[in-house]
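A look at the structure
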Amino acid sequence: MLKNYFKTAIRTLWRNKQYTLLNISGLAAGIAVCLVIFVIIQFELNFENFQTKKDRIYRVLTEYHHADAGDIFYGPGVPFPLPASLKTSFPQVEKITPIYSQGDDQILVLDNSGKAEKKFKEENGVFFTEPSFFEIFSFPFLIGDPNSLKDPNTTVITKEIAEKYFGDWKSAMGKTLKWNNRYSLKITGVLASIPPNTDFQLKLVIAYGTGFTANFAKATNWDNTRSGFGCYILLPPKLSAANFNEQLRAFAKKMKSADNKDSQIIQALGKVHFDTGTGNYSSRRISPQLIRALWLIAAFILLIACINFINLSTAQAVNRAMEVGVRKVLGGNKFQLRMQFLTETFMLVLVSTTLAVLIAIISLPSISQVLDLPLSLKFILEPDVLLFLGALLLVVTILAGFYPSLVLSGFNPIRALKSKLAIKSSRGISLRRGLVVFQFIIAQALIIGTFIMARQMNYFNSSSLGFDKDAILNIPFPGDSAGISKLDYLKKKLSEIKGIQEISFSSNTPVEDDNDSWSTFKFNHAAKETDFYAILKWTDDEYISTYKIKLVAGRNIERSDTVKEFLVNEMLIKNLGLKNPENALGREIDLGTMKGPIVGVMKDFNDRSFRRDLAPVLLTSLKREYSQAGLKLATSDFPGEISQIGKVWEEAFPDFVFEYQFLDTKIENFYNHENQLTQLYKIFAAIAIFLSCLGLYGLASFMAVQRIKEVGVRKVLGASIQNIIYLFSKEFIMLIGIAFAIAAPIAWYFMHLWLQNYPFRINMSWWIFVLGGVSSLVIAVITVSSHAIKSAMVNPARMLRSE
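To start, this report covers the structure provided alongside it. (Residues numbered from 1 in each chain as written. Predicted model: local features only at pLDDT ≥ 70, side-chain atom pairs only at ≥ 80, totals over all residues. Heavy atoms only, no water.)

With respect to the overall build of the protein chain
Secondary structure summary: the protein chain contains 25 helices and 25 strands in total. Within the protein chain, the fraction of its 803 residues that count as buried is 54%. Of the contacts made within the protein chain by residues no fewer than 6 positions apart, 80% connect residues no fewer than 24 positions apart. Approximately 36100 Å² of the protein chain is accessible, and the part contributed by carbon and sulfur atoms is 57%. (Helix = DSSP H or I, 4+ residues; strand = E, 2+ residues; numbered from the N terminus. Buried < 20%, exposed > 50% of the residue type's maximum accessible area, 1.4 Å probe, protein only. Contact = heavy atoms within 4.5 Å. Areas by Shrake-Rupley, 256 points an atom, 1.4 Å probe, with all protein chains shown as cover.)

Take a look at the structure:
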């Protein structure tokens, strides 16, 4: 019997090639979307799962308290004395390790004579830490062991880095590297490949205590933190995180100064990747809300695909009425007929699933590139993914096949054999029409959401930031004493290049997302420091003119190699409670060992990305803190100008990799995550509208069969092709209108919530919603019109000949 089901199913599907192709296309697209989303979610949810002690690993966070606003926020940086103090004060903690990473590290590969033979720039992945790091985390060694990091000026590197630097990882042992042209490092071990789903994308691990990190353990200041300096701990099995948190809070309070309200707490390793507010060393994270949104999109896309199948199958039902009648007359019962139709559905879903896997394999590299994820074929072959595909096969078969099997098996055999069968819908909106409305609610909500996200991204990229970002080239240079000593020579050489209009040296650009320094200060000889933090930027006197930052009061700072004068922004004046910028001029800023008067007030500019509100800003000169150049270029010959700059750089810093970035590109990169989501939603919206149009095609096919005689009569009575198109289209326009009326408030609600994440955001204008509705309406009318024209072109004599 089962063999007969399959043979009959194959013949039926082959005989109805058009409907088979439409069903397979719709289901394959829906299943492929589900599969790709499942792979993405599995990758994100499995972060750090390979760590054997994951459930006991915690990182220490600093809980910052803003007394003026009552705000609390968290940062990964901790005070320098913390790791050593924890070892002394909490002997019950199994393991404690400090970690320091600053990014943008220069690595020289030295030959046997100590000369540099290769140079590399590592944007991230260079860490200073202790051997205990490898007792907490599960990163195996190919050769060597963690204990080799007990000695300063040693390092272990990953297999990939060893092959990049030396060609063969086995030859790396004993070789010498130089970090930032300052410290020579002997390679004492090689790590196995680092899994992609960890926030510790290690490249070089340098012994803690090398160079300046030797001073960290000797530090005594508990009030200051640095974002790149963190601490991880391994709790014993019987010590609860809540209990240790209470002890840690009390300990931190005891160690800090009396007026410092900040504290330290711990966070489970499993939560680090999903904490979008605090960040991590890889700068990659995903929110639980986004994961839930992806699950919902996958479920809705799959539902749309199943709805298409239902509509197309029931539209074909009239054509199969005679077959059902014959089967029933020959003794077939409802159960057998339902099994036959479910078998056909299963075969369609099986073929669709196979095609979906092929689509996913082909599209995965492009999706990986859009989302900047290291996804590959091996993720599709994971046991969890294969199990998901099996479950999907059964679920889709039941969802898509159950209702059509009920409809087809329920035909009256006598009416079917007399060819008088008609599937009548009840008054109002039938199930079939309701399903089409449901499809277009999802499609229009996605379209409207995509339009709003695209407009917000355009706002990010085109809005004025309060300073000049166009044609400004930022180039890092060594911040050591040797590098600083060459700045005058560098400026002289750069001034000779015709295309350079302005030159400024500083610690930061006007806008940074994570690299700024923050500090409190004493204002106007006050006894206590301010109860708010300000962004501190070290700049020369040409910074204002290079970035075209406007002054609302006072003047620019004078040229100086040390702290002499300060510029502040309007937000800092507001936080100090001053109503007039002029009132701040001449007042003293005290940073402890560095003091000076305020000589100018800057108009507020966006000092960080649009995700964050404006912050108080302090600008002052301190040559030893400069680490980058800002060059304003003429827009006539970028390649030629950059080539000349590169030659000057190579001459000044022969052991330093010449690297540059345009400021506007850097700002665009702040919004990579939003850009990726927008691209992803565009893909989902396109698939949703494609699947919805398939559903419309099914309903239009059903109507064409049901109203074939009506169309014939209308044509005999003089109806034109336009009249027939209107006849078919008016009902669908009404259905899409109903869908829009429901989709618009849903889209408004969720996009309103999304926009609340940004202090600087667009207004959701009414025309965005209208544009979304009109777009889907035009696509739908084109879909229906093609079927209506096909029906209108048939000779009415053929339509009416049975009468």
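And the narrative resumes.
Some thoughts on the pairing of strand β5 (residues 116-122)
Pairing of strand β4 (residues 105-110) with β5 involves six bridges; the strand directions are antiparallel. From the neighbouring strand, V109 faces β5, where its bridge partner is K118. With antiparallel pairing between neighbouring strands as the criterion, β4 and β5 make up a hairpin whose turn holds five residues, including G114 at a positive phi of roughly 90°. (Pairing = 2+ DSSP bridges.)

A word on helix α3 (residues 82-89)
Looking at α3, one finds that the buried residues are L82, P83, S85 and L86. Taken around the axis of α3, the buried residues stretch over an arc of 165°, which confines them to a single face. (Arc of directions from axis to C-beta.)

Notes on the nonpolar core
I452, F467 and F684 are the most contacted members of the largest nonpolar core, which has 120 residues in total. Not counting residues within four places of it along the chain, the set of residues in contact with I452 comprises M751, L755, I762, M764, I768 and F769. Formed by 45 residues, the second largest nonpolar core is a distinct cluster that contains F505, F523, A629 and A652. (Core = buried A, V, L, I, M, F, W, Y, C linked by side-chain atoms within 4.5 Å.)

Focus: the sheet that holds strand β15 (residues 500-506)
With antiparallel pairing, four strands are arranged side by side in an open sheet as β15-β24-β14-β25. Looking along the sheet, the strands with just one partner apiece sit at the ends: β15 and β25 (661-662). As paired strands, β15 and strand β24 (residues 628-633) are joined by six bridges and run antiparallel to one another. What sits directly across from F505, in β24, is A629. Of the strands in this sheet, β15 and β24 are in contact with helix α16 (residues 487-495), which crosses β15 at around 165°. (Axes fitted to C-alpha atoms, helices over the stretch in contact; angles between N-to-C directions.)

As for helix α5 (residues 159-166)
All of the buried residues in α5 are I161, A162, Y165 and F166. Along the axis of α5, the buried positions cluster into a sector of 105°, meaning they face one direction only. Those residues of α5 hidden inside the fold are in contact with β4, β5, β8 (154-158), β9 (176-179), β10 (183-191) and β11 (204-207).

Here we look at the packing of α16 against helix α19 (residues 638-652)
The N-to-C vectors of α16 and α19 enclose an angle of 155°; their axes lie 10 Å apart at closest approach. Regarding the angle of α16 to α19, the classification is roughly antiparallel. Remark: the crossing between α16 and α19 carries right-handed chirality. Contacts between α16 and α19 involve Y489, L490, K493 and L494 from the first element and I645, V648, W649, E651 and A652 from the second. Residues that form the contact of α16 with α19 fall into these classes: seven nonpolar, no polar and two charged. (Parallel < 35°, antiparallel > 145°, perpendicular 65-115°, else oblique. Left-handed = near helix turned anticlockwise from the far one by under 90°. Nonpolar A, V, L, I, M, F, W, Y, C, P; charged D, E, K, R; others polar.)

Re the side chain of N180
Among the structural elements, N180 can be located in the loop between β9 and β10. When sequence neighbours within four positions are dropped, the list of residues in contact with N180 reads Q102, D104, D105, Q106 and D480.

Let's talk about a nonpolar patch on the surface
Taken together, the side chains of L355, L358, I359, I361, I362, L377, L381 and L386 present a nonpolar region at the surface, about 720 Å² in accessible area. Ranked by residues supplied to the nonpolar patch, first place goes to helix α10 (residues 334-371) with five residues. Here L381 is to be found in the loop between α11 (377-380) and α12 (383-409). (Patch = residues over 30% accessible without salt bridge, like charges linked within 9 Å, V, L, I, M, F, W, Y side chains within 5 Å. Salt bridge = Lys/Arg side-chain N within 4 Å of Asp/Glu carboxyl O.)

Section: the pattern of salt bridges
By the definition in use, this model includes 25 salt bridges. We note a salt bridge from R284 to E44, for which the minimum N-O separation is 2.9 Å. Taken as a pair, R284 in the loop between α7 (269-272) and α8 (288-315) and E44 in helix α2 (residues 17-45) lie far apart in primary sequence, 240 residues in all. Connected through salt bridges with shared partners, the residues K491, D541, E542 and R559 form a single ionic network.

Things to note about the packing of aromatic side chains
For the structure shown, the criterion picks out 57 aromatic pairs. Consider the rings of F133 and F200, whose centres lie 5.5 Å apart with planes at 75°: the pair is edge-to-face. With F133 in helix α4 (residues 133-136) and F200 in the loop between β10 and β11, this pair connects stretches of sequence that are 67 residues apart. For the pair F133 and F200, one class covers both residues: buried. Ring centres of F477 and F505 lie 5.8 Å apart, and the angle between their planes is 90°; on these two criteria the pair is classed as edge-to-face. With F477 in the loop between β14 (472-476) and α15 (481-485) and F505 in strand β15, this pair connects stretches of sequence that are 28 residues apart. Pair check on accessibility: F477 and F505 agree, each one buried. Ring pairing ties together the aromatic residues F50, F127, F133, F134, F137, F139, F141, F200, Y232 and Y281, which thus form one cluster. (Phe/Tyr/Trp six-rings, centres within 6.5 Å; stacked < 30°, edge-to-face > 60°.)

Scope: geometric values only; no functional claims are made or implied.
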